[in-house]
Amino acid sequence: SPRIVPWHIFRVSAWSLCAAWFIAGFYHLYSVWTGWDFQVSARLEEAFAQLPLTGSLRTAMLLERGHSDVSWRMSLEEVGFTWPASDVHPRTLACDAAGEHFIASDGLFAFAAQAPNAVHNASVKAPFKRLACPLLEGEGLQDAMVTCKAGRCQGLALHRHGRRVSGCALPG
């Protein structure tokens, strides 16, 4: 009868939704208790292994993917920075391969800094200064990176909803 079909569809949908919530809850509790996490990364790892990346770029990409076997080979050093204003809350932070030039963005403005000569002394602070870049004025910055060639570094910023990359020379 026409009155039973909608009720049957609703009942099956409600039970399916309950089952999905139950499975999600079980998965969450299991991952909290055991630390196990379901990640489909095998295909990404196979594709990544075939890329012709070497050196610091490969290390940075491995660290981004959470590989702990890479981090033990690196020596991390604390570097102090100061921001141009107290209301600056950076969303992105990047440096060049040598770790000397830095760029940060709070989504509206780009800031640049150069690491102090005494990096091992965390009391020496490098000041971040607003990067004067007309190409980025009024743009919503999504991400930033630093690239250096022949001693000249530039900051690259992703903006316009991921459709444009603009570069600006970094001081120093």
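Now for a look at the structure at hand. It should be emphasised that the depicted structure is a prediction, and the values quoted were computed from it without experimental measurement.

## Remarks on the overall build of the protein
No. 1: From N to C terminus, the protein includes four helices and nine strands.
No. 2: In the protein, the order of α-helices and β-strands from amino to carboxyl end is α-α-α-α-β-β-β-β-β-β-β-β-β.
No. 3: Of all 172 residues assigned to the protein, the portion counted as buried reaches 23%.
No. 4: Expressed as a percentage of contacts within the protein between residues at least 6 apart in sequence, the contacts between residues at least 24 apart total 38%.
No. 5: With the model as given, the accessible surface of the protein reaches about 12,800 Å², and the carbon-plus-sulfur share is 60%.

## Quick look at the pattern of salt bridges
No. 1: Taken as a whole and assessed by the stated rule, the structure comprises two salt bridges.
No. 2: One salt bridge in this structure joins Arg-130 and Glu-137, with 3.5 Å as the shortest N-O distance.
No. 3: The partly exposed category is assigned to Glu-137, whose relative accessible area is 46%.
No. 4: With a closest N to O distance of 3.0 Å, Arg-160 and Glu-139 form a salt bridge. In this pair, Arg-160 is assigned in the loop between β8 (152-159) and β9 (164-169) and Glu-139 in the loop between β6 (129-130) and β7 (143-149), connecting sequence segments 21 residues apart.
No. 5: Judged by its relative accessible area of 35%, Arg-160 is partly exposed.
No. 6: Relative accessible area serves as the criterion here: at 13%, Glu-139 is assigned to the buried category.

## A word on the sheet that holds β8
No. 1: Ordered by their spatial adjacency, three strands build an open sheet running β7-β8-β9, and the pairing between neighbours is antiparallel. Strands with a single pairing partner mark the edges of an open sheet, and in this sheet they are β7 and β9. The average angle at which neighbouring strand axes cross in this sheet is 25°, direction not considered.
No. 2: The sheet contact formed by β8 and β9 spans six bridges and is antiparallel. Residue pairing across strands places Gln-154 opposite Ala-169, the latter belonging to β9.

## Overview of the side chain of His-159
No. 1: Its place among the elements puts His-159 in strand β8.
No. 2: A residue is classified by how much of its surface remains accessible, and His-159, at 0% relative accessible area, is buried.
No. 3: Every residue in contact with His-159, bar those within four places of it in the chain, is listed here: Leu-135, Leu-136, Glu-139, Gly-140, Leu-141, Gln-142, Arg-164, Val-165 and Ser-166.

## Looking at the side chain of Asp-106
No. 1: By the element assignment, Asp-106 lies in the loop between β3 (101-105) and β4 (110-114).
No. 2: The side chain of Asp-106 is buried and forms no salt bridge, while Arg-91, the nearest opposite charge, is found at 7.3 Å.
No. 3: Within polar-contact distance, the side chain of Asp-106 engages the backbone nitrogen of Leu-108 at 2.9 Å.

What counts and how
- The residue count restarts for each chain, going from 1 along the sequence in the order it is written.
- At least 70 in pLDDT is required for a residue's local features to be given in this predicted model, at least 80 for side-chain atom pairs to be given and counted, and no such filter applies to totals for whole chains, interfaces and linings, which use all residues.
- Side-chain calculation: all heavy atoms of the structure are included, whereas hydrogens and water are not.
- Put simply, DSSP H or I for four residues or longer makes a helix, DSSP E for two residues or longer makes a strand, and each gets a number counted from the N terminus.
- Between buried and exposed lies partly exposed: a residue is buried under 20% and exposed over 50% of the maximum accessible area for its type, with that area taken using a 1.4 Å probe on protein chains only.
- Contacts are assigned to residue pairs with any non-hydrogen atoms lying within 4.5 Å of each other.
- Per-residue and other accessible areas were derived by the Shrake-Rupley procedure at a 1.4 Å probe size, with only the shown protein chains allowed to occlude residues.
- A side-chain nitrogen of Lys or Arg and a carboxyl oxygen of Asp or Glu constitute a salt bridge if their distance falls within 4 Å.
- Pairs of strands are assigned from DSSP output, requiring at least two bridges between the strands.
- Every axis corresponds to a line fitted to the C-alpha atoms, with the helix fit spanning only the stretch in contact, and the corresponding angles, defined between N-to-C directions, vary from 0 to 180 degrees.
- Two residue types count as positive, namely Lys and Arg, and two as negative, namely Asp and Glu; His and chain ends fall outside the count.
- Polar contacts, as used here, are pairs of N or O atoms within 3.5 Å; protein pairs need one atom able to donate a hydrogen and one able to accept it. Residues neighboring in sequence count only if both atoms are side-chain atoms.

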